[in-house]
Amino acid sequence: MLRKIGRILLIVLAVLILIGVVLALAAPPWVRRTSEKSFPQTDGEIRLAGLDSPVDIYRDSYGVPHIYGVTQHDLFFAQGYVHAQDRFWQMDFWRHQGAGRLSELLGEATVDTDKFLRTLGWERISKEELELLDAPSRAILEAYTEGVNAYLADYRGTTLALEYAFLPIINSDYEPAPWTMLNSLTWAKAMAWDLRRNLDVEIDRALLAKSLSPEKIADLFPPYPADHPVIVPGFSGEQSSASRFTFYISDVTPLFEVAQTQLSTLATFTDGLAGIGSNSWAVSGDLTVTGTAILANDPHLGSQMPSIWYEVGLHCAPKTDDCNLDVAGFSFAGVPGVIIGHNDRIAWGMTNVGPDVMDLYIEKVNPENENQYEFQGQWRDMQIVAEQIQVAGGETIEHTVRLTHHGPIITADYGLETFAEDAGVEVPEHYALAVRWTALEPTCVFCSIWKINSAQNWDDFRAAAQEFVVPAQNLLYADVEGNIGYQMPGNIPIRVPGHDGMDAVPGWTGEYEWQGFIPFDELPFSFNPPSGYIATANNAVVGLDYPYLISYQWSYGYRAQRIVDMLEGAPGLIDFAYIQQMQGDNKELLADDLLPVLMQIPLDDPALEEARRLLSGWDGQMDMDSAPAALYITFWRNLLELTFSDDLPEFYSVGVESGAKEIIRNLVAQPNSAWWDDKITPEVESRDQLFAAAFAAGYEEIRKLQGKDPADWAWGELHTITFENQVMSSFPFIANAFNRGPYSTAGGSAIVNATGWDAAVPYVVNWLPSMRMIVDLGDLTNSLVVNTTGQSGHPYHPHYIDQPDLWRNIQYRSMLWARADVEADAEGHLELVP
């Protein structure tokens, strides 16, 4: 079967290359003309059945729609319509991904991905959630769905998106189905998956236990640094009997490429959402020039084309008790409402909490019946779900899902068939691995979003946050009255004493069952703290005095520390220019620990000594035009490789966010640690020897990459971003019609301007600040935003790629609010009429 698939893929690739060559000769004129067919109507009048009253849609000079309607139904109807106008291919792809139906769209290459997603059951759980919706939430989804389908009723094929011109190469019979309410709900599961962390940690620790001592494993999972800030200092909540734990972090994971073959497609399609981190901070009027609050947010996600965010304004005109929306900000194409933004009274931002809401259970399976598992001495029947995977151009595949009371069995679908042999933990002879995850229990995170959209004060905001169950976010708040606040929501499991959630545990004994969830009133929150600010950057929410375990997997707080340093070190009262400067800060904090060691090490080559002088007096800013930054980063990459490649051959392929940095920071204080020794050589190397070797290797690398003259070295020439279409970028030549770049960038991993990269593809940006927003609660018309790419999903549209230079240079555009300003800036006025 695999050989057959391989032959098919080779034939498809050959055809794609042939077509690509033809297109390369004929494009861009043919491609451009075809893409232009999908450009939406943004002026004039369109009559649509289903509206209550006329709706005005003004497109500003960046293509952002500002929607004005008399009823809430019409606003969400119109939002669905404009989402489909600008981003329907993105919506179509995302709904297939969220439902585990990629093979219906893309064929055999995605069957393994679909098997895994069907095993997890995103769509099954979303169906349960749909049945549980209250009437107002159902009405929102119904109106939005009507709007999307109103657009689909009039457009097909290339009039929807350029991607449909190429899709027949692999799927000649595809026609988009009508949009459904379920299609919107499944996206929440996809986001929850991409913002999870703990499952891979438990697998990694089990695999590491096979080859590393407990002490070395502890080195790889150091505690959260005591000298870095927590979000809500001193918060202890109500006392409970839950065990207290030291906080560990796992940004170094995955250390091994678990299930590389089975999940390679999943990784490709979810890289654009990988939840690496985010920044947000709110400053009270006591610290600002205006005397009013300011809120800033920049969520860090994987790069993609088009941007994951779609900006929109939804305005009841007039605002009444029955129609109370007056909101602007960033949405997901495919989902009604505004995810991050502000209304006329409050503003809110989000960063990922990263709570431990997943556990891996080792189940003992009945050797005589693989559909039974043991629990507390009794055999239990697994629930069997028969899934059918329809494959475009192929046969329907039967896929059996087995469910325990802990959750689905993922052994085969997650590539863990050899777990017993590879792991250093006790495993029964007949076993299976099941995962429990809060996202596999019915919730409604979008219901929380819709209530936040119309919240008028702190109490409304907190009430809405109670439904924000998974993925749990650091919810930041500010309002026009000058208040600032913070709420951590989510269903956070209470585990029994001795179960820290870091390792796979026996499922058959009953000793490791969850004991419920932390009550919402005992989850961390803050309102108008004495400091006058609240900052979140995926760092630890609370300190060791908090009685419950939230996570061992915080980011290590490098970005948080820098944000706090800048807030507390502001030269005076804070203004908008200073907030912009903060969002674009490129300071590499680890350099403060590494350079004092590097600068005092004897070097045996005058050329190396001359190069090292470049780092003397460097301010640690990873600016685009910085030669010291380029030299420093090649030294850092080689230091990682030399330190870990002998002990952990796969380590070099992982990211270099704050996890690896904190490990090295701790090891720097141990000059004779065994980690510095290169096992391949007979000598026993020390820290200083490895630093010298890494600097020599880094020096040679930068000379090879950018020439011998340091005047030609520039970090931005190494650190580039190419925005890639999540599907079409895989096809030679065709990708050129969709991808844009490369663009030089500043910043780096564990830096406030968090343009991350990993060592598998050195220095190339693979995650980034996916947008930036600064809200002035004293005068909302002063608020600023910038997106990564543009508002449109249509290649060659004027708003397809009109923001990357603003974004990479830390520049902004107005976040239009007042209707008069919107109309004055409008490049299009479309009226939807019943």
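Residues numbered from 1 in each chain as written. Predicted model: local features only at pLDDT ≥ 70, side-chain atom pairs only at ≥ 80, totals over all residues. Heavy atoms only, no water.

A. Main features of the overall build of the protein chain. Looking only at helices and strands, the protein chain features 25 helices and 27 strands. Pairs at least 24 apart in sequence give 74% of the contacts found in the protein chain among residues at least 6 apart. Of the roughly 29300 Å² of accessible surface on the protein chain, a fraction of 50% belongs to carbon and sulfur atoms. (Helix = DSSP H or I, 4+ residues; strand = E, 2+ residues; numbered from the N terminus. Contact = heavy atoms within 4.5 Å. Areas by Shrake-Rupley, 256 points an atom, 1.4 Å probe, with all protein chains shown as cover.)

B. Molecular detail of empty space enclosed by the protein. In the structure shown here, the tally under the stated rule is 10 cavities of 30 Å³ or more. For the largest cavity, the lining is made up of 23 residues, of which Met191, Leu195, Phe332, Met350 and Gln473 are closest to its centre. Residue assignment for the lining of the largest cavity shows that the elements contributing at least two residues are helix H9 (181-194), strand E4 (277-283), strand E5 (294-302), strand E9 (346-352) and helix H14 (445-453). Looking at side-chain class alone, the lining of the largest cavity contains 16 nonpolar, 7 polar and no charged residues. Approximately 80 Å³ is the volume found for the second largest cavity. As for the second largest cavity, its lining consists of Glu129, Leu185, Ala188, Lys189, Ala192, Ala439, Thr443, Cys444, Val445, Phe446 and Val470. If one sorts the elements of the lining of the second largest cavity by residue count, H9 sits on top with 4 residues. Of the residues in the lining of the second largest cavity, the class split is 8 nonpolar, 1 polar and 2 charged. (1 Å grid on protein atoms, 1.4 Å probe; cavity = no way out; pocket = protein on both sides within 12 Å on 5 of 7 lines; lining within 4 Å. Points joined across faces, edges and corners; volume = space filled by probe spheres on them. Nonpolar A, V, L, I, M, F, W, Y, C, P; charged D, E, K, R; others polar.)

C. Examining the state of the cysteines more closely. All told, the structure shown has 2 disulfides when counted by the stated rule. Disulfide pairing places cysteine 316 opposite cysteine 323 at an S-S distance of 2.0 Å. One quick way to see it: the torsion about the S-S bond of cysteine 316 and cysteine 323 is about -85 degrees, and its sign makes the bridge left-handed. Exposure class is identical for cysteine 316 and cysteine 323. Each is buried. Here cysteine 444 is linked by a disulfide to cysteine 447, with a sulfur-sulfur distance of 2.0 Å. Torsion about the S-S bond of the cysteine 444 and cysteine 447 cystine: about 75 degrees, corresponding to right-handed handedness. Take cysteine 447: its relative accessible area is 5%, and that puts it in the buried class. If one numbers only the bonded cysteines of the protein chain, in the order they occur, the disulfide pattern is 1-2, 3-4. (Disulfide = S-S within 2.5 Å. Buried < 20%, exposed > 50% of the residue type's maximum accessible area, 1.4 Å probe, protein only.)

D. Spatial organisation of the pattern of salt bridges. Taken as a whole, this structure holds 31 salt bridges when the rule is applied. The residue arginine 47 makes a salt bridge to glutamate 45 at a minimum N-O spacing of 3.6 Å. A relative accessible area of 44% means that glutamate 45 is categorised as partly exposed. Of the charged contacts, one joins aspartate 344 and lysine 319 as a salt bridge, the two residues approaching to 2.7 Å between their closest N and O atoms. (Salt bridge = Lys/Arg side-chain N within 4 Å of Asp/Glu carboxyl O.)

E. Structural context of the nonpolar core. Counting 192 residues, the largest nonpolar core has Trp437, Phe446 and Leu832 as the members making the most contacts within it. Broken down by element, this core gets its largest block of residues, 12 residues, from helix H3 (residues 72-99). In this view, tryptophan 437 contacts Trp122, Lys189, Ala192, Trp193, Val357, Met358, Val470 and Trp514; residues no more than four positions away in its chain are not counted. Membership of the second largest hydrophobic core comes to 58 residues, among which are Met622, Ala627, Ala629 and Trp713. (Core = buried A, V, L, I, M, F, W, Y, C linked by side-chain atoms within 4.5 Å.)

F. Summary view of the packing of H14 against helix H15 (residues 458-465). Two elements in contact, H14 and H15, have axes whose closest approach is 8 Å; the angle formed by their N-to-C orientations is 170 degrees. Regarding the angle of H14 to H15, the classification is roughly antiparallel. Residues Ser448, Lys451 and Ile452 of H14 form the contact with H15, whose own contacting residues are Phe461, Ala464 and Ala465. Broken down by class, the residue content of the contact of H14 with H15 amounts to 4 nonpolar, 1 polar and 1 charged. (Axes fitted to C-alpha atoms, helices over the stretch in contact; angles between N-to-C directions. Parallel < 35°, antiparallel > 145°, perpendicular 65-115°, else oblique.)

G. Quick peek at the side chain of serine 448. Relative to the assigned elements, serine 448 resides in helix H14. Here serine 448 falls in the buried class, since its relative accessible area comes to 0%. The residues contacting serine 448, other than those within four sequence positions of it, are Ala464, Ala465, Glu467 and Phe468.

H. Broad picture of the environment of tyrosine 578. Following the sequence through the fold, tyrosine 578 ends up in helix H17 (residues 576-583). For tyrosine 578, a relative accessible area of 12% corresponds to the buried category. In the structure, tyrosine 578 is positioned 89 residues away from proline 489 in sequence and 30 Å away in space, judged by C-alpha atoms. When residues no more than four places from it in sequence are discounted, the contact partners of tyrosine 578 are Met566, Gly569, Ala570 and Pro571.

I. Spotlight on the sheet that holds strand E1 (residues 44-47). Taken together, 11 strands build an open sheet; the order of strands is E1-E27-E2-E3-E6-E7-E8-E9-E16-E17-E19 and the sheet is mixed. For this open sheet the edge positions go to E1 and strand E19 (525-527), each flanked by a neighbour on one side alone. The average angle at which neighbouring strand axes cross in this sheet is 15 degrees, direction not considered. Here strand E3 (residues 65-69) pairs with strand E6 (residues 310-316) via 4 bridges, running parallel. Bridge pairing links glycine 69 to cysteine 316 in E6. Across the sheet, H3 touches E1, strand E2 (55-59), E3, E6, strand E7 (326-331) and strand E27 (828-833), and the angle it forms with E6 is around 160 degrees. (Pairing = 2+ DSSP bridges.)

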